[in-house]
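As a plain string of letters, each chain reads:
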Amino acid sequence: MKLSLVVPCYNEQDNVELFYEETVKAFNNAGFDYEFVFVNDGSRDKTLEKLRKLYNEKTESNITVVSFSRNFGKESAIYAGIKNSTGDYISLIDADLQQRPEVVLEMMGILENEYEYDCVAAYQASRKEGSVMTGFKSGFYKVINKLSEVELHADASDFRTFTRGVADAILEMGEYHRFSKGIFSWIGFNTKFIPYEVQERNAGETKWSFTKLVKYALEGITAFSTKPLKLATYVGMLASLAAIVYLIVVIVQRMFFNVAVSGYATIVGLILLLGGIQLFCIGIIGSYLAKTYIQSKNRPIYIAKEILKRDK
Ligand code: UDP
Ligand code: MG
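Residues numbered from 1 in each chain as written. Chains lettered and ligands numbered in written order. Predicted model: local features only at pLDDT ≥ 70, side-chain atom pairs only at ≥ 80, totals over all residues. Heavy atoms only, no water.

Chemist: What exactly am I supposed to notice about the coordination of the magnesium ion (ligand 2) here?
Modeler: Angles between donor atoms at a metal ideally measure 109.5 degrees for a four-coordinate tetrahedral arrangement and either 90 or 180 degrees for a six-coordinate octahedral one. D96 (OD) and Q98 (OE1) make up the full set of protein donors to the magnesium ion (ligand 2), lying at 1.9 Å. Residue classification places D96 among the buried residues on the basis of a relative accessible area of 3%. Residue classification places Q98 among the partly exposed positions, given a relative accessible area of 23%. (Donors = N, O, S within 2.8 Å, 3.2 Å for Na, K, Ca; no water. Buried < 20%, exposed > 50% of the residue type's maximum accessible area, 1.4 Å probe, protein only.)

And the structure:
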């Protein structure tokens, strides 16, 4: 039995070696075979050099290095890593040591002993972020769980271990705009969620900013729900209803009470409001259309410039 560790790396020059050492230490008595599948996601620092060094020097370990032609993003790196993995089990783990390799052993224990589970996902036992961020994230999960057909576990990360069957299902999801939390939920299978203590980043810095997170959240919603597209219908129906009621009121006022209805401000206000709503709805349609457009080009999810792999 073999486990593949899929490790996406983007500008992780000061982490990859330590990650390797720590993992080898943790897996010393694991009792199963394992391989590393590092994916260099177009790093601009010395990550690739460090990975090459590991590949050339640590010949006792089973190491594969997939190197992208540019930065394609973590989602693409995960896809490429799974594609190049050969294990019976696959584990997704970050290179920055925020996720301890010891937790992978715990996950493996569950998969091997509790046959009903196909996947073990770790969620952060306690978030180490500010209250604004925590509030934003929990708000996002509420919205997406309401809107979409997939059920997302709040706090669950990409840190997971799963069977080859799950991996094959993920590879079958060939969509260009990848939102892995949604993909994991959509494919089904039985997932066990376990808590883990997220560590401080070993070196370097996170690639996530607040604006990037907002964009990612919107990606997630459009990727797994088409409900926003129906928003225009509902808003339109509401506006028409309000207009009919208002018209009746105006007619009655004019015919029976002889009130001359004036209202420059109201007219201007309503035009602006309705114009705004229309543009907003067109924007929503536009963002779906853009996704359809990109997907219709059928571009590859990633382009590998170089793959270091030994035949075993
Ligand atoms: N990562 C990647 N491509 C990117 C951004 C990030 O492969 O475009 C990798 C990164 O090297 C790390 C993992 O994804 O191994 C998680 O990234 P990060 O630590 O920045 O995210 P955080 O832990 O802060 O959520
Ligand atoms: Mg991290």
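Structure shown, so let's carry the discussion forward.
Chemist: What exactly am I supposed to notice about the side chain of S4 here?
Modeler: The residue S4 is located in strand 1 (residues 2-9) in this model. With residues near it in sequence (within four places) discarded, S4 still touches E35, S85, T86, G87, Y89, I90 and S91. (Helix = DSSP H or I, 4+ residues; strand = E, 2+ residues; numbered from the N terminus. Contact = heavy atoms within 4.5 Å.)

Chemist: How do you make sense of the site of ligand 1 when you look at a structure like this?
Modeler: E12, D41, D96, Q98 and T206 are the nearest of the 16 residues found near ligand 1. A distance of 3.2 Å is found between an oxygen atom of ligand 1 and a side-chain nitrogen or oxygen belonging to N71. Between ligand 1 and D96 there is a distance of 2.7 Å, counted from an oxygen atom to a side-chain nitrogen or oxygen. Within the complex, 85% of the 530 Å² of free accessible area of ligand 1 lies under protein. Classifying every residue of the shell around ligand 1 by side-chain character gives five nonpolar, four polar and seven charged. (Near = heavy atom within 4 Å. Polar contact = N/O pair within 3.5 Å; in protein donor to acceptor, adjacent residues only side chain to side chain. Areas by Shrake-Rupley, 256 points an atom, 1.4 Å probe, with all protein chains shown as cover. Nonpolar A, V, L, I, M, F, W, Y, C, P; charged D, E, K, R; others polar.)

Chemist: Could you clarify how one ought to interpret the sheet that holds strand 2 (residues 33-40) in this entry?
Modeler: The strands that make up a sheet are held in pairs by hydrogen bonds between backbone atoms, and each pair lies either parallel or antiparallel. Taken in spatial order, the eight strands of this open sheet run 7-5-6-4-1-2-3-8, and their pairing is mixed. Bordering the open sheet on either side are strand 7 (191-196) and strand 8 (304-308), each of which pairs with just one other strand. Neighbouring strand axes in the sheet, compared pairwise and without regard to direction, differ in orientation by 20 degrees on average. Bridging between strand 4 (residues 89-92) and strand 6 (residues 156-163) involves four bridges; their strand directions are antiparallel. Bridge assignment links S91 to a residue of strand 6, and that residue is T161. (Pairing = 2+ DSSP bridges. Axes fitted to C-alpha atoms, helices over the stretch in contact; angles between N-to-C directions.)

Chemist: Got a minute to help me understand the nonpolar core in this structure?
Modeler: The nonpolar side chains of a soluble globular protein tend to be buried with one another. Within the largest apolar cluster, 36 residues are counted, with the highest numbers of intra-cluster contacts made by L3, L5 and F38. Going through the elements one at a time, strand 1, helix 1 (16-26), strand 2, helix 2 (47-57), strand 3 (62-68), helix 4 (101-113), strand 5 (119-124) and strand 7 are the ones with two or more residues in this core. Looking at this core element by element, the count peaks at six residues for helix 4. Residues in contact with L5, not counting those within four places in the same chain, are T23, F27, Y34, E35, F36, V37, S91, I93 and V104. Counting residues in hydrophobic clusters, the runner-up holds 26 residues, among them F162, V166, I170 and Y216. (Core = buried A, V, L, I, M, F, W, Y, C linked by side-chain atoms within 4.5 Å.)

Chemist: Explain helix 2 to me, please; I cannot follow it from the model alone.
Modeler: Those residues of helix 2 that sit buried are T47, L48, L51, L54 and Y55. One side of helix 2 carries all its buried residues, which in axial view fall inside an arc of 120 degrees. (Arc of directions from axis to C-beta.)

Chemist: What am I meant to see in the environment of L229 here?
Modeler: Topologically, L229 is positioned in helix 9 (residues 227-256). Residue L229 is classed as partly exposed on the basis of its relative accessible area, which comes to 32%. Remark: the alpha-carbon pair of L229 and I282, spanning 53 residues in sequence, is separated by 9.3 Å. Not counting residues within four places of it along the chain, the set of residues in contact with L229 comprises I284, I285 and Y288.

Chemist: Would you mind showing me how to read the pairing of strand 2 here?
Modeler: Looking along a regular strand, one sees the side chains alternate between the two faces of the sheet. Of all eight residues in strand 2, seven are buried; the element is thus mostly enclosed. Sheet topology places strand 1 next to strand 2; eight bridges connect them, and they run parallel. In the sheet register, C9 faces strand 2, and the bridge partner there is N40. Two elements, strand 2 and strand 3, share six bridges in a ladder whose sense is parallel. The residue of strand 3 that forms the bridge with F38 is V65. Running through helix 2, the crossover from strand 2 to the neighbouring parallel element strand 3 is right-handed. (Right-handed = clockwise from strand over helix to strand, strands pointing away.)

Chemist: What should I look at first to understand the environment of S209 in this one?
Modeler: Mapped onto the elements, S209 comes out in the loop between strand 7 and helix 8 (210-224). By relative accessible area, S209 is classed as partly exposed at 32%. Within the structure, the side chain of S209 is placed 3.3 Å from the side chain of T211, a separation counted as a polar contact.

Chemist: Whenever I open this one, the packing of helix 3 (residues 74-83) against helix 6 (residues 164-172) confuses me. Can you help?
Modeler: A pair of packed helices can be characterised by two numbers: the angle between their axes and the separation between those axes. In the contact formed by helix 3 and helix 6, the axes pass within 10 Å of each other and the chain directions differ by 125 degrees. Between helix 3 and helix 6, the crossing angle belongs to the class labelled oblique. Considering how the two elements wind past one another, helix 3 and helix 6 form a crossing that is left-handed. Contact residues: Y79, I82 and K83 in helix 3; R164, A167, I170 and L171 in helix 6. Across the contact of helix 3 with helix 6, the residue classes tally to five nonpolar, no polar and two charged. (Parallel < 35°, antiparallel > 145°, perpendicular 65-115°, else oblique. Left-handed = near helix turned anticlockwise from the far one by under 90°.)

Chemist: What exactly am I supposed to notice about unusual backbone geometry here?
Modeler: Outside of glycine, negative phi angles account for most residues, and trans bonds account for most peptide bonds. Despite not being glycine, N11 has its phi angle at roughly 55 degrees, a positive value. With respect to the secondary-structure elements, N11 resides in the loop between strand 1 and helix 1. One non-glycine residue, F189, lies in positive phi territory at about 70 degrees. Take F189: it is sitting in the loop between helix 7 (180-186) and strand 7.

Everything listed here is a matter of coordinates, which is why it stays silent on function.
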